[in-house]
Amino acid sequence: MRWQIPLLIVLLCGVVVAVQYFVPLEELEFIYENALDWIIITGVFAMMLGLWSLFRVSISKVQNKAPGWGYNLITLAGLFGMLFLGYRVESLAEGSLFMKLFRYVYIPIQATMFSLLAFYVASAAYRAFRARTVVSTILLATALIIMLRMIPLGFLSNWNQVLANWILTVPNMAAKRAIAMGVGLGMIATALKIVLGIERAYMGRD
Amino acid sequence: MSFYEKMMTLDRRWVYLCVGIAVAVPLFVPFTVPVSVTPEVRSVYDFVESLKEGDRLFIAIDYDPTVMAELQPMSLTIMRQCFAKGVKLIISALHQNGPGMAEQLVSLVSKEFDKKSGVDYCYLGYKPYPGLTILAMGQNFRIPFPQDYYGVSLDSMPMMQGVRNYDQVKAIIAMEAGWVADSWIRDANGRYKVPVALGVTGVMAADYFQYLPSKQIFGLMGGLKGAAEYESLAKQKERQATGRMKVQTIAHIMVIIFIVIGNVGFFMSKRKK
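Predicted model, so just to flag it, every value in this text is computed and none were measured.

About the cut-offs
Residues numbered from 1 in each chain as written. Chains lettered and ligands numbered in written order. Predicted model: local features only at pLDDT ≥ 70, side-chain atom pairs only at ≥ 80, totals over all residues. Helix = DSSP H or I, 4+ residues; strand = E, 2+ residues; numbered from the N terminus. Rg over C-alpha atoms; globule rule 2.2 N^0.38 Å. Buried ≥ 20, exposed ≤ 12 C-beta atoms within 10 Å, placed from the backbone. Contact = placed C-beta atoms within 7 Å. Pairing = 2+ DSSP bridges. Right-handed = clockwise from strand over helix to strand, strands pointing away. Nonpolar A, V, L, I, M, F, W, Y, C, P; charged D, E, K, R; others polar. pLDDT = per-residue confidence, 0-100. Domains from an automatic or database assignment. Axes fitted to C-alpha atoms, helices over the stretch in contact; angles between N-to-C directions. Parallel < 35°, antiparallel > 145°, perpendicular 65-115°, else oblique. Left-handed = near helix turned anticlockwise from the far one by under 90°. Core = buried A, V, L, I, M, F, W, Y, C linked by C-beta atoms within 7 Å.

**Here's the deal with the overall build of chain A**
Part 1: Of regular secondary structure, chain A possesses 7 helices and 0 strands.
Part 2: When the helices and strands of chain A are placed in sequence order, the string is α-α-α-α-α-α-α.
Part 3: Relative to a compact globule of 206 residues, whose C-alpha radius of gyration would be 17 Å, chain A shows 26 Å and is clearly more extended.
Part 4: Its C-alpha atoms give chain A principal-axis dimensions of roughly 65 × 50 × 40 Å.
Part 5: Here chain A holds 206 residues, and the buried ones make up 6% of them.
Part 6: In chain A, the proportion of contacts linking residues at least 24 apart, taken out of those at least 6 apart, comes to 19%.

Structure (structure tokens):
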């Protein structure tokens, strides 16, 4: 029974939602609305589980003074600080401490983290883009043509734009569509395996 | 180690220093970078320009502060263009870190044009599971969003009277930094046949080019250049992306220079051997 009930729930939910998707009758709309509500509720519990897991791991590192435990302390402080400040609707009002922390701490930190990528990309490009073989030379030339799209080159810009458009709309599109087809077919296969109970990794180990 | 071998194996800190100087100097040196407009950006502009007063447009601000530099300028420009034409906007923010930032943007632009929530625009806010939210909005906006971000019921809003789902909006313009773009294409356009255009980060632009010839999207604005192209078409006073293009241009030139240095060192050291 321990195995059968979850498999039955997955089978029923999968079949019902699939039927509703391919048979969009107004009479069946209630299935969709209810399914959405249940998914959001389940998601909230999953989020709480994630929060508990983060808390448990961080607290354990702080208590045992594991290497880097100071960062875990900051994580916990940030987590509980924002939770405490943001739990009321009034927290979203202009000028609230929650919004100030969001605008003047969180946003700059996020933007800074992303900005660091520019330096890593430059260093990686310098090391990786070497014309060692024919294939790597083609990769290098393609990358240069696409990057040069962003730079004004005077009369050469027109030629570069034509080349870049050809690369994007012919070989790039062919490869991307092939990948998208493969991913789509893989997703269908995986979904069928889960719904039919063949794939049971989501249930964890016994 | 020969000179050419040193060229090949520069300490990465020199690369960081040069890139750092390259992105800092343009901030103090005034110059502009000419921007040529591509057809995929022009088609978004022409579409928005063809809208009439009272038409409804759905704008999805599905990004977080990490990509604000690239996507915020295009969101700003399109919203200003719409408000100037009297187009009514329905706005969502389906990234969990984005609703506050999107609300800031909506408030800023609505104050400039003296637009009122519920009358001229409706900011829906955030709901989890973007794919499901997009599907649900195709049936009825009120399924995932019975109220807007500020807690006002959609049914009580003048601009949402008679607006049930995507059938009542002219198009969706989605500013995306992740996989939610696929949901807009697959679900909103694929299932509900609403026209979709995308504004994406520079690295994502190549991934979504494939949807242009198949007309699954009618336009694509890619990264800072796409935003600068749109700004050059819209001819508004504030042009954030255009100003940032000079930094991006210098940074690209610096990367190309380092690639050339690395390859010259590689070939010359191979020849010496």
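**What to know about the pairing of strand E2 (residues 88-92) of chain B**
Residues and elements named next belong to chain B.
Part 1: In terms of residue burial, E2 counts as a mostly covered element, since 5 of its 5 residues are buried.
Part 2: Sheet topology note: the strand E1 (residues 56-62)/E2 ladder contains 5 bridges and is parallel. Among the inter-strand pairings, Arg56 is bridged to a residue of E2, identified as Lys88.
Part 3: Taking the sense of rotation as the criterion, the β-α-β connection linking E1, helix H4 (residues 68-85) and E2 turns out right-handed.
Part 4: The pairing of E2 with strand E3 (residues 121-125) spans 4 bridges and is classified as parallel. Within the sheet, the bridge partner assigned to Ser92 lies in E3 and is Gly125.
Part 5: Running through helix H5 (residues 99-113), the crossover from E2 to the neighbouring parallel element E3 is right-handed.

**A few points about the interface of chain B and chain A**
Part 1: Each partner contributes residues to the interface: chain B has 42 residues there, and chain A has 37 residues.
Part 2: Among the elements of the structure, helix H2 (12-28), H4, H5, helix H6 (130-139), helix H8 (202-208) and helix H10 (240-272) of chain B are those that each provide at least two residues to the side of chain B that touches chain A.
Part 3: Counting residues per element, the side of chain B that touches chain A draws most heavily on H10 of chain B, at 13 residues.
Part 4: Looking at the side of chain B that touches chain A residue by residue, the classes come out as 28 nonpolar, 10 polar and 4 charged.

**Observations concerning the confidence of the model for chain B**
Interpretation of this model should avoid reading the predicted coordinates in detail wherever pLDDT is low.
Part 1: Looking at chain B as a whole, the pLDDT averages 91, with 100% of positions reaching at least 70.
Part 2: Two numbers describe this predicted complex: its pTM, 0.86, and its ipTM, 0.80.

**Digging into the domain arrangement of chain B**
Part 1: On domain assignment, one finds that chain B holds domain 1 (3-30 + 248-272) and domain 2 (39-238).
Part 2: Placing the centre of domain 1 of chain B and that of domain 2 of chain B at their C-alpha centroids yields a distance of 39 Å.

**As for the packing of helix H3 (residues 39-50) of chain B against helix H9 (residues 223-234) of chain B**
Residues and elements named next belong to chain B.
Part 1: Between H3 and H9, the least distance of the axes is 10 Å, while the angle of their chain directions is 45 degrees. Between H3 and H9, the angle falls in the class oblique. In this structure, H3 meets H9 at a crossing whose hand is right-handed. Note on element contacts: H9 touches H3 through Gly226, Glu229, Tyr230, Leu233 and Ala234, opposite Val41, Arg42, Val44 and Tyr45.
Part 2: Broken down by class, the residue content of the contact of H3 with H9 amounts to 6 nonpolar, 1 polar and 2 charged.

**Observations regarding the nonpolar core**
Part 1: The biggest cluster of nonpolar side chains holds 82 residues, and the ones touching the most others in it are Ile59, Ile91, Ile172, Val196 and Tyr208 of chain B.
Part 2: The element that contributes the greatest number of residues to this core is H4 of chain B, accounting for 7 residues.
Part 3: Aside from chain neighbours lying at most four places away, what touches Val196 of chain B is Ala171, Ile172, Ala174, Trp184, Ile185, Ala188, Asn189 and Ile217 of chain B.
Part 4: Counting residues in each nonpolar core, the second largest holds 12 residues, with Ala122 and Tyr126 of chain A together with Val15 and Val255 of chain B among its members.

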